[in-house]
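Now for the letters of each chain:
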Amino acid sequence: MVLKLFFPSCCSSADSGILIGRWISEQNSAVILAVVHFPFIPVQVKQYLGDVQRVTKVSVSVLGSWSNSKQEKEESLSEFLEDLGTIFCHEPWIQISKEGDSKFWSCSTLQKHSKNPQEEEIILVYYDQRKVMLSHLHPPLDTAGQRAEDASKLSAIFDTVARSQVLFMTDRYDEGPIKLTHWQSDGVEASIIVELLKQASVPACMLLTFLLSLVSGICRSRVLKFWPLSFLWSKLSTCEQLGHRLQHLQVISSNKKAQNQNQLMRKANIFVSLLMDVALGILLMSWLYRKNRIGHLADTLIPVADHVAEELQDLLQWLMGAPAGLKMNRALDQVLGRFFLYHIHLWISYIHLLSPFIEMILWYVGLSACLGLTVALCILSDIIALLTFHIYCFYVYGARLYCLKIYGLSSLWRLFRGKKWNVLRQRVDSCSYDLDQLFIGTLLFTILLFLLPTTALYYLVFTLLRLLVVIVQGLIHLLVDLIDSLPLYSLILRLCRSYRLAAGVKFRVLEQQDGKPLRLLMQINPLSYGGVVQTYRLPTYSCYPRDSWASLCKKLFLGELIYPWKHKGDKQN
């Protein structure tokens, strides 16, 4: 049989002693975690390992002996190391011997209690203990067959080292009875500033949690459930984004410890996303309030609105004539054109009525950028929705009129074929009509059919304008979703410390010598950037339609309304 021995590279120069680690019988492999140096008392070693097992839930035991001939001075030391196998009683007893500065070690196993001892071939695998402990192994996406089995074997190795973190808290400067060598042998890595921040973060998180619970309680109060406020809260993307960020603040300010690596990474990603969002918002705010840019923006807004209104008036005048040489119904064309021109007149009056207050409104809106760039973008989307409200009204009027005619024509077409729509059974059934019904149906079908081109042209023009506005709002919310969902912390971790996000391992064959065990070096394969985004992408809400092209074309043909938002029941989790 082949015995796989995972040995930490940081222990290659350790003094002679005994090897402690975990024996994985299913894989016939041993994971060495540390080396215990002489002198030691076996009872104290067993007691210490028992305490480690209770804390880590890992079956840590003494696996064998380690001999470094560079420090060896007594000839009887090798015999003493063999006799330790009778005290700690592990089967098989692993013996590793290093001769001077040689890279090739002698490895053997003893099976004293076995009746038929078999000579095992040993594969010595070196691994970086610090990287393996800090890394998080991600299973492959196609977890099936041989790859899933290999991933489960690797996860046992990574899990053993990661859960044994308590073992690494003992260093050579510790005054305890046991001296260990591992990746933190020179002292536990810590900083006074980090410890002070940890102590100060607890009351800060408690205060922030109390304030957030107070704000969320106000948001859930009955006052906001009445019609005007509830309607605005559900339709304005700014309110949706504020609620989304409020949930993020509640997650990162919670004093509950993360249960696993995924929850820890989610909190870190949310925290870094909030910091980046607020930093970009402050940069935008400083740019707006410099050189009186808000005043220039307010002075430009009114002429732009007047220019858009003039273009719409010219478009309506073109539709009221003979657009593209098409012959329209004169009476219906004049009624629809004058109706829409009156709405544009009302809209221009409304804009000029607000013109003295626009600079003040923009000044206060600019202050909201301190809440984050996403909040400022959502406010921009809502301002666009308010400034193009007349286009939305034109689209709704045209869509309703067009939809009424389409459904009327389809119903009258069924009348010609002797069919009708059964409301109860939701199907088309046969029906017999008398002569008067067929006559009235023919008249109505003819009227609707000849009025359809005029209505369809107005509907087509205003639908294109509406789609233009929806596309602009969709691009803004696409940027908001990108900032909200991008796992910045995971991407930075992948760039700076790629071993923390492990997708697997690769083994490199080291220099070999006859009669010595096979030497391999285990290296961590980092997760790809696409895999990082796919694994740690944060949930977002959607404020723009995500319909397929077929569904969107069907809605346009039937005259159904297209909203720039999704309802609360359609949020993306």
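Residues numbered from 1 in each chain as written. Predicted model: local features only at pLDDT ≥ 70, side-chain atom pairs only at ≥ 80, totals over all residues. Heavy atoms only, no water.

1. Some words on the UniProt feature "transmembrane region" (unreviewed entry) in the chain
Working step 1: Here the UniProt-annotated "transmembrane region" (unreviewed entry) positions come out as residues 200-219, 270-289, 335-354, 361-388, 394-416, 437-461 and 467-492.
Working step 2: Along residues 361-388, the helical share is 79% and the strand share 0%, with 17 Å between the first and last C-alpha atoms.
Working step 3: Secondary structure across residues 467-492 comprises 92% helix and 0% strand; the distance between its end C-alpha atoms is 37 Å. (UniProt positions renumbered as here; feature names shortened; annotations may be inferred. Helix = DSSP H or I, 4+ residues; strand = E, 2+ residues; numbered from the N terminus.)

2. Focus on the packing of aromatic side chains
Working step 1: Applying the stated criterion to the full structure yields 18 aromatic pairs.
Working step 2: Seen in terms of ring centroids, F339 and F340 are 5.5 Å apart; in terms of plane orientation they differ by 65 degrees. Their pairing is edge-to-face.
Working step 3: The class of F339 is partly exposed, set by a relative accessible area of 36%.
Working step 4: Considering the side-chain rings of Y458 and F462, the 6.3 Å spacing of their centres and the 40 degrees angle between planes classify their relative orientation as tilted. Taken together, the positions of Y458 and F462, both in helix α14 (residues 435-485) and four residues apart, correspond to about one turn of that helix.
Working step 5: Y458 sits in the buried class, given a relative accessible area of 2%.
Working step 6: According to the relative accessible area criterion, F462 is buried, its value standing at 1%.
Working step 7: Taken together, the ring pairs in this structure connect F339, F340, F394, Y397, Y458 and F462 into an aromatic cluster.
Working step 8: Across the ring face of Y529, the terminal group of R494 is positioned such that the distance to the ring centre comes to 4.6 Å. (Phe/Tyr/Trp six-rings, centres within 6.5 Å; stacked < 30°, edge-to-face > 60°. Buried < 20%, exposed > 50% of the residue type's maximum accessible area, 1.4 Å probe, protein only. Lys NZ or Arg CZ within 6 Å of the ring centre and 35° of its normal.)

3. Digging into the state of the cysteines
Working step 1: Summed over the entire model, instances satisfying the criterion amount to zero disulfides.
Working step 2: The structure places no disulfide on C10, whose sulfur is separated from the nearest cysteine sulfur, that of C11, by 4.0 Å.
Working step 3: We classify C10 as partly exposed; its relative accessible area is 29%. (Disulfide = S-S within 2.5 Å.)

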